[in-house]
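Here are the chains, one letter per residue:
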Amino acid sequence: MLDIYSGGFLHPDSVMSINPFLLVVAVWSWLKWLSLSTLIIGGGAYIGYLFTPDWREIVDSKHYYSNWKIRVYLSLPFNTASRVIGGLANQEIPVWLREYLLGGFARMYDCRMEECVDPDFKNYSSFAAFFNRKLRESTRPISASPLVSPADGTVLHFGKVEENKIEYVKGHDYDVDKFLGNVELPEKEELDLYQVVIYLAPGDYHAFHSPARWVANQCRHVPGLLLSVRPTLLSHVPHLFCLNERVVLNGSWRHGFFSMSAVAATNVGDIVVDAEPSLRTNIVRRKTQKIMNTETEIHAPYLPGERVGEFRLGSTIVLVFQAPPTIKFAIKAGDPLRYGQSLVADGV
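Just so it is clear, the model here is predicted, and its values are computed rather than measured. Within each chain, residue numbers correspond to sequence positions counted from 1 in written order. For this predicted model, a pLDDT threshold of at least 70 governs which residues receive local features, and a threshold of 80 or more governs which side-chain atom pairs are given and counted, while totals over whole chains, interfaces and linings are taken from all residues. In computing side-chain values, all of the structure's heavy atoms are included and hydrogens and water are not.

1. With respect to the sheet that holds strand E1 (residues 153–160)
The pairing of strands in a sheet comes from backbone hydrogen bonds and takes either a parallel or an antiparallel form.
Right, on to step 1. Strands sit in the order E10-E6-E7-E8-E12-E4-E1-E14 across an open sheet of eight strands; the sheet is antiparallel. Every interior strand has two partners, whereas the edge strands, strand E10 (294–302) and strand E14 (336–337), have only one. Any two strands with at least two DSSP bridges between them are considered paired. Here a strand is any run of E in DSSP of at least two residues, a helix any run of H or I of at least four, and the numbering for each starts at the N terminus.

Structure below.
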């Protein structure tokens, strides 16, 4: 046997004379130094990553590098965690365990199972299947209003777009072009630009539907982060919606430009748009690909209440559209919504 200390050989009988305590001490010392060196190298790499300019500086250089708390928060691996959680959500749950897991989730987030086509938890094979549960049509009558809610959720903000900036919570806004892309808005004095922002909580129905009679002619996919869009956090991260991954449908309706955007969030890596089956969101990308937007020409005419797509958990829908200045909204910030519910009282 090779003597690792002297370079010679040990007699088999001498191996039995090695002190087990000294052996344990030696192994523990080696593991300790290995752990310490791993922490030092990993910590140094993280600090280097934190202070190295990347695509986030391009999107929001003013805020990202002026506040260390924002830099640390944005550097956390939300995308990776969301992919892991998404994979777990697709794993089949044993039948005997579904009532406990899915039922517990439903009670925690106040999911209205009586509205579902199938209220039996045992018939949902995974969390993903449960998130995409179908509702009975009678529970969501579609209003005859020209503009209806595209999803179940809560109104975060609404109103006129001032100076080409969209305000998603009070005091925080972003440029229309940075969010929607380069879009052409018909210049008509009798029209103004408006917006409605709706937050979908985890317990809400996760599909989103058409809010009006309109035609989508472009599907724009913008890769990005998966930061939380909870209302309590939105005011702390400027330009959050421009940093998060999103799918933007641009088109037109009776009054001109119309856009509907699905913004992803933490644990919401997957966005599905039925009119664009090739769309793939929250996939691993190289650094050079993280700011590469893809634009696909489509032709998707929609009627109010018609299904457009779905989230694989809750997130946010942003509507941006042209309308006459006579428009009167029937909502206020903080109002709960059901898809198909009227958003306007008059003037459209």
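2. A few points about the nonpolar core
Generally speaking, a soluble globular protein has its nonpolar side chains buried in company with each other.
Right, on to step 1. Residue types Ala, Val, Leu, Ile, Met, Phe, Trp, Tyr and Cys, when buried and joined through side-chain atoms within 4.5 Å, form a set referred to as a nonpolar core. Exposure classes here rest on a 1.4 Å probe applied to the protein chains alone. A residue is buried below 20% of its type maximum, exposed above 50%, and partly exposed in between. Of all hydrophobic cores here, the largest spans 65 residues; its most connected members are Phe179, Phe208, Trp214, Phe241, Leu249 and Phe321.
Right, on to step 2. Any two residues whose heavy atoms approach within 4.5 Å are treated as being in contact. The residues touching Leu249, leaving out its near neighbours within four places in the chain, are Trp214, Ala216, Gln218, Cys219, Phe258, Ser259, Met260, Val273, Ile298, Tyr302 and Val308.

3. Overview of the UniProt feature "active site" (unreviewed entry) in the chain
Right, on to step 1. UniProt positions are given in the numbering used here, feature names are shortened, and annotations may be inferred rather than shown by experiment. Sequence positions flagged by UniProt for "active site" (unreviewed entry) are, in local numbering, Asp152, His209 and Ser315. In three dimensions, the annotated residues from a span of 164 residues occupy one location, with a maximal C-alpha spread of 14.0 Å.
Right, on to step 2. Sequence-distant contacts of Asp152, that is, excluding residues within four places in its chain, are made with Leu135, Arg140, Tyr199, Leu200, Asp204, Tyr205, Leu337, Arg338 and Tyr339.
Right, on to step 3. One polar contact links Asp152 to Arg140, side chain to side chain, over a distance of 2.6 Å. Polar contacts here mean pairs of N or O atoms no more than 3.5 Å apart (in protein, one a potential hydrogen donor and the other a potential acceptor; neighbouring residues in sequence count only if both atoms are side-chain atoms).

4. Things to note about the UniProt feature "modified residue: Pyruvic acid (Ser)" (unreviewed entry) in the chain
Right, on to step 1. If you check UniProt for "modified residue: Pyruvic acid (Ser)" (unreviewed entry), the listed places come out as Ser315 in our numbering.
Right, on to step 2. With respect to the helices, strands and loops of the structure, Ser315 is situated in the loop between strand E11 (307–311) and strand E12 (316–323).

5. A few points about a nonpolar patch on the surface
Right, on to step 1. Any residue with relative accessible area above 30% and no salt bridge may belong to a patch, with like charges joined within 9 Å and the nonpolar Val, Leu, Ile, Met, Phe, Trp and Tyr side chains within 5 Å. Under the convention used here, a 1.4 Å probe and the Shrake-Rupley method define accessible areas, while residue burial counts only the protein chains that appear. The term salt bridge refers to a side-chain nitrogen of Lys or Arg lying within 4 Å of a carboxyl oxygen of Asp or Glu. A cluster of nonpolar side chains, contributed by Leu23, Val27, Trp28, Trp30, Leu31 and Leu34, occupies part of the molecular surface with about 660 Å² of accessible area.
Right, on to step 2. Following the sequence through the fold, Val27 ends up in helix H2 (residues 20–51).

6. Digging into the packing of aromatic side chains
Right, on to step 1. In summary, the pairing rule links any two rings of Phe, Tyr or Trp, Trp by its six-membered ring, whose centres are within 6.5 Å, and it sorts them by plane angle into stacked for under 30 degrees, edge-to-face for over 60 and tilted for everything else. Inspection of the entire model under this criterion finds 18 aromatic pairs.
Right, on to step 2. Centre to centre, the rings of Phe105 and Phe130 are 6.0 Å apart; their planes meet at 90°, and the pair counts as edge-to-face. In this pair, Phe105 is assigned in helix H6 (residues 95–108) and Phe130 in helix H7 (residues 127–131), connecting sequence segments 25 residues apart. Like Phe105, the residue Phe130 is buried in the burial classification.
Right, on to step 3. Aromatic ring contacts, followed pair by pair, group Phe158, Tyr194, Trp214, Trp253, Phe258, Tyr302, Phe321 and Phe329 into a single cluster.

7. A few points about the pattern of salt bridges
Right, on to step 1. Within this structure, the stated rule accounts for eight salt bridges.
Right, on to step 2. Ionic pairing is found between Arg140 and Asp152, a salt bridge with its closest N-O pair at 2.6 Å. Of the two residues, Arg140 is situated in the loop between H7 and E1 and Asp152 in the loop between H7 and E1; the sequence distance between them amounts to twelve residues. Across this residue pair, the class does not change: Arg140 and Asp152 are buried.
Right, on to step 3. Taking the shortest distance from any N to any O, the salt bridge between Glu310 and Arg307 comes out at 3.0 Å.

8. Comments concerning the confidence of the model for the chain
Right, on to step 1. pLDDT gives the predictor's per-residue confidence on a scale running from 0 to 100. Overall, the predicted model of the chain reaches an average pLDDT of 80, with 78% of residues at or above 70.
Right, on to step 2. Across residues 1–10, where pLDDT falls below 50, the model places ten contacts with residues more than four positions away in sequence or in other chains.

9. Points about H6
Right, on to step 1. Compared with the 20 Å implied by 1.5 Å per residue over 14 residues, the 20 Å span of H6 between its first and last C-alpha is a close match.
Right, on to step 2. Every buried residue of H6 is listed here: Arg98, Leu102, Gly103, Phe105 and Ala106. Angular distribution of buried residues about the axis of H6 spans 155°; they occupy a single face of the element. In H6, the exposed positions angled more than 90 degrees off the buried face are occupied by Trp96, Tyr100, Arg107 and Met108.
Right, on to step 3. Of the surrounding secondary structure, the elements contacted by the buried residues of H6 are H7.
Right, on to step 4. Of the residues trailing H6, Asp110 is marked for its positive phi of about 55°. Given a helix with a known number of residues, its expected span is that number minus one, times 1.5 Å. The reported arc concerns the directions from the helix axis to the C-beta atoms and nothing else.

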